[in-house]
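Here are the chains, one letter per residue:
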Amino acid sequence: MTCQHRGATVWLTGLPSAGKTTIAGRLGARLRAAGHRVEVLDGDEIRTFLSAGLGFSRADRDTNVQRTGLVAELLARNGVLVLVPVIAPYADSRAAVRARHKATGTPYLEVHVATPVEVCIERDVKGLYAQQAAGRLSGLTGVDDPYEPPKEPDLILDTHLQSPAESARAVHAALTARGLV
Ligand SMILES: Nc1ncnc2c1ncn2[C@@H]1O[C@H](COP(=O)(O)OS(=O)(=O)O)[C@@H](OP(=O)(O)O)[C@H]1O
Ligand SMILES: Nc1ncnc2c1ncn2[C@@H]1O[C@H](COP(=O)(O)OP(=O)(O)O)[C@@H](O)[C@H]1O
């Protein structure tokens, strides 16, 4: 049997509550409905199993991102569309993942879910910003831990100016433009 579709990795990077998981979920559902093989490498699930025991130091975040990047590239190389809603706050760590894909000729898209921190604080889906403000959590990305915005992402999403459906559509359009769907 031949595989009709090329795989690719779509990495959705951005702050907590930026919209990464929501967009991955919507896009994944649309792609599956169209017959694509899709995997969503959810950050929380990865941290429960593959990256169990890792915290949020720079070294641990880098390890987490490299492990996730390895799995994404393996799947994408084998025809799966891989959606990765993972913060990945450090530019060099993201560059290493991109390089891993480039080395095997595997398509890779970096999508910056560029929601301003003020909007993320309002959304605060998991209550992390409130916990940080109350002094119960430290090292929160975008507040008291770094987030290095991508300098040359393949796509920027201003989710505070669009609906989740519009954001997911924009990523789908980027995949279409590259002949990946
Ligand atoms: N200190 C701190 N900073 C950032 N995020 C935190 C922190 N503590 C817990 N969480 C929760 O863990 C999720 C981030 O995990 P990631 O694997 O995406 O992060 S990283 O790329 O390794 O930096 C992240 O998920 P999302 O909200 O979906 O982004 C948070 O829910
Ligand atoms: N354009 C948009 N794209 C994605 N999420 C959006 C958008 N507009 C509003 N939201 C809302 O923002 C929240 C984002 O939460 P989530 O996807 O869990 O963020 P993250 O995975 O980045 O932590 C959701 O409640 C979602 O409905």
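Residues numbered from 1 in each chain as written. Chains lettered and ligands numbered in written order. Predicted model: local features only at pLDDT ≥ 70, side-chain atom pairs only at ≥ 80, totals over all residues.

Description of the environment of aspartate 145
No. 1: With respect to the helices and strands, aspartate 145 occurs in the loop between α6 (128-133) and β5 (155-157).
No. 2: Here the alpha-carbon distance between aspartate 145 and arginine 58, two residues 87 residues apart in the chain, equals 9.2 Å.
No. 3: Excluding its chain neighbours within four sequence positions, the residues that come into contact with aspartate 145 are Phe56, Gly139 and Leu140. (Helix = DSSP H or I, 4+ residues; strand = E, 2+ residues; numbered from the N terminus. Contact = placed C-beta atoms within 7 Å.)

What about the pairing of strand β1 (residues 8-13)?
No. 1: Counting buried residues along β1, six of its six residues qualify, which places the element largely inside the surrounding structure.
No. 2: With burial as the criterion, each face of β1 is covered, one bearing Ala8, Val10 and Leu12 and the other bearing Thr9, Trp11 and Thr13.
No. 3: Where β1 and strand β3 (residues 81-85) come together, five bridges link them in parallel fashion. Along β3, the bridge assignment pairs alanine 8 with leucine 81.
No. 4: Across five bridges, β1 lies against strand β4 (residues 108-113) in parallel orientation. Following the sheet pairing, threonine 9 is matched in β4 by tyrosine 108. (Buried ≥ 20, exposed ≤ 12 C-beta atoms within 10 Å, placed from the backbone. Pairing = 2+ DSSP bridges.)

So, the packing of helix α3 (residues 58-77) against helix α4 (residues 91-103)
No. 1: Close contact between α3 and α4 brings their axes to 9 Å; oriented N to C, the two are set at 20 degrees. In this view, α3 runs roughly parallel relative to α4, as classed from their interaxial angle. Remark: the crossing between α3 and α4 carries right-handed chirality. Contact residues: Asp62, Val65, Gln66, Gly69 and Glu73 in α3; Ser93, Ala96, Val97, Arg100 and His101 in α4.
No. 2: Per-class residue counts for the contact of α3 with α4 are three nonpolar, four polar and three charged. (Axes fitted to C-alpha atoms, helices over the stretch in contact; angles between N-to-C directions. Parallel < 35°, antiparallel > 145°, perpendicular 65-115°, else oblique. Left-handed = near helix turned anticlockwise from the far one by under 90°. Nonpolar A, V, L, I, M, F, W, Y, C, P; charged D, E, K, R; others polar.)

Notes on the UniProt feature "binding site: ATP" (unreviewed entry) in the chain
No. 1: As recorded in UniProt, the feature "binding site: ATP" (unreviewed entry) lies at Gly14, Leu15, Pro16, Ser17, Ala18, Gly19, Lys20 and Thr21.
No. 2: Positionally, alanine 18 belongs in the loop between β1 and α1 (20-33).
No. 3: When sequence neighbours within four positions are dropped, the list of residues in contact with alanine 18 reads Val113, Thr115, Cys120 and Thr159.
No. 4: Its location among the elements puts lysine 20 in helix α1.
No. 5: Here lysine 20 falls in the buried class, since 28 other C-beta atoms lie within 10 Å of it.
No. 6: When residues no more than four places from it in sequence are discounted, the contact partners of lysine 20 are Leu12, Gly14, Pro85 and Val113. (UniProt positions renumbered as here; feature names shortened; annotations may be inferred.)

Let's talk about the site of ligand 1
No. 1: Contacts to ligand 1 come from 20 residues, most closely from Pro16, Gly43, Arg61, Val86 and Ile87.
No. 2: Of all the secondary structure elements, the ones that give two or more residues to the shell around ligand 1 are α1, α2 (43-48) and α3.
No. 3: Its residues assigned to classes, the shell around ligand 1 comprises nine nonpolar, six polar and five charged. (Near = placed C-beta within 6 Å.)

Points about unusual backbone geometry
No. 1: One non-glycine residue, alanine 88, lies in positive phi territory at about 45 degrees.
No. 2: The residue alanine 88 is located in the loop between β3 and α4 in this model.
No. 3: Positive phi is not limited to glycine here, since aspartate 124 has a value of about 35 degrees.
No. 4: For aspartate 124, the position within the fold is in the loop between α5 (117-123) and α6.

Some details on the nonpolar core
No. 1: Membership of the largest hydrophobic core comes to 37 residues, with the highest contact counts inside it found for Val10, Leu12, Val82, Leu83, Val84, Val111 and Val171.
No. 2: For this core, the secondary structure elements donating two or more residues are β1, α1, α3, β3, β4, α6, β5 and α7 (164-177).
No. 3: With near-sequence residues (within four places) excluded, leucine 12 lies in contact with Lys20, Ile23, Ala24, Leu83, Val84, Pro85, Val111 and Val113. (Core = buried A, V, L, I, M, F, W, Y, C linked by C-beta atoms within 7 Å.)

Considerations on the packing of α1 against α7
No. 1: Packing of α1 against α7 brings their axes to within 9 Å, and their N-to-C directions diverge by 60 degrees. As far as their axial angle goes, α7 and α1 are oblique. Note that α1 runs across α7; the crossing there is right-handed. Of α7, the residues touching α1 (which contributes Thr22, Ile23, Arg26, Leu27 and Arg30) are Pro164, Ala165, Ser167, Ala168, Val171 and His172.

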